[in-house]
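Listed below, chain by chain, are the residues.
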Amino acid sequence: MAATSVARAAGRRSRRLFDIFVADVPWTVSSKEVKEYFSQFGSVRRCQLPFDKDTGFHRRYCWIKFSTPQEVQNVFQKDSHILEGAKLALKQQPRRRRSQRSNQSE
């Protein structure tokens with residue numbers, strides 16, 4: 001039974017993987033606005049903009065998940081990304097294959 005729960009947890013973690021990490025998001029921008037901005041490059045499956053429970057403001061960074069790897073490449077083909085006058089800092093999240101994950105756990 002423990003092996004089943006471990007496999008389920010690993011499946012949930014793999015679904016949480018995102019394609020792009022975005023930093024320096026302006027305080028005034030909502031997750032809806034971030035998603036709308038990045039949708040010009042392709043189909044945004046998910047945008048996660050975490051909030052600080054104490055302040056109620058978001059933490060000025062987010063993760064974006066696209067439908068295809070080509071859409072991710074479309075984002076990085078543009079030199080800079082400006083949202084409400086602020087330049088966003090983007091970093092592509094490495095895609096890890098199953099074999100890489102199992103090798104690292106050994």
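Here is a short report on the structure shown in this document. (Residues numbered from 1 in each chain as written. Predicted model: local features only at pLDDT ≥ 70, side-chain atom pairs only at ≥ 80, totals over all residues. Heavy atoms only, no water.)

Things to note about the sheet that holds strand S1 (residues 20-23)
Argument step 1. With antiparallel pairing, four strands are arranged side by side in an open sheet as S2-S3-S1-S6. The sheet is open, and its two edges are formed by strand S2 (44-48) and strand S6 (89-92), each paired on a single side. Across this sheet, the average inter-strand angle for adjacent strands is 20°, counted without regard to direction.
Argument step 2. Pairing of S2 with strand S3 (residues 61-66) involves four bridges; the strand directions are antiparallel. Along S3, the bridge assignment pairs Arg46 with Lys65. (Pairing = 2+ DSSP bridges. Helix = DSSP H or I, 4+ residues; strand = E, 2+ residues; numbered from the N terminus. Axes fitted to C-alpha atoms, helices over the stretch in contact; angles between N-to-C directions.)

Topic: the pairing of S1
Argument step 1. Sheet topology places S1 next to S3; four bridges connect them, and they run antiparallel. Pairing of Phe21 across the sheet is with Trp63, part of S3.

Focus: helix H2 (residues 31-38)
Argument step 1. The complete set of buried residues in H2 reads Val34, Tyr37 and Phe38. Seen along its axis, H2 keeps its buried residues to an arc of 90°; they face one direction.
Argument step 2. Close packing links the buried residues of H2 with S1, S2, S3, helix H3 (69-77), strand S4 (82-83) and S6. (Buried < 20%, exposed > 50% of the residue type's maximum accessible area, 1.4 Å probe, protein only. Arc of directions from axis to C-beta. Contact = heavy atoms within 4.5 Å.)

Section: unusual backbone geometry
Argument step 1. Unlike most non-glycine residues, Arg60 shows phi in positive territory, near 70°.
Argument step 2. A relative accessible area of 30% means that Arg60 is categorised as partly exposed.
Argument step 3. With a phi close to 50°, Glu84 is a non-glycine residue in the positive phi region.
Argument step 4. Mapped onto the elements, Glu84 comes out in the loop between S4 and strand S5 (86-87).
Argument step 5. The class of Glu84 is exposed, set by a relative accessible area of 52%.

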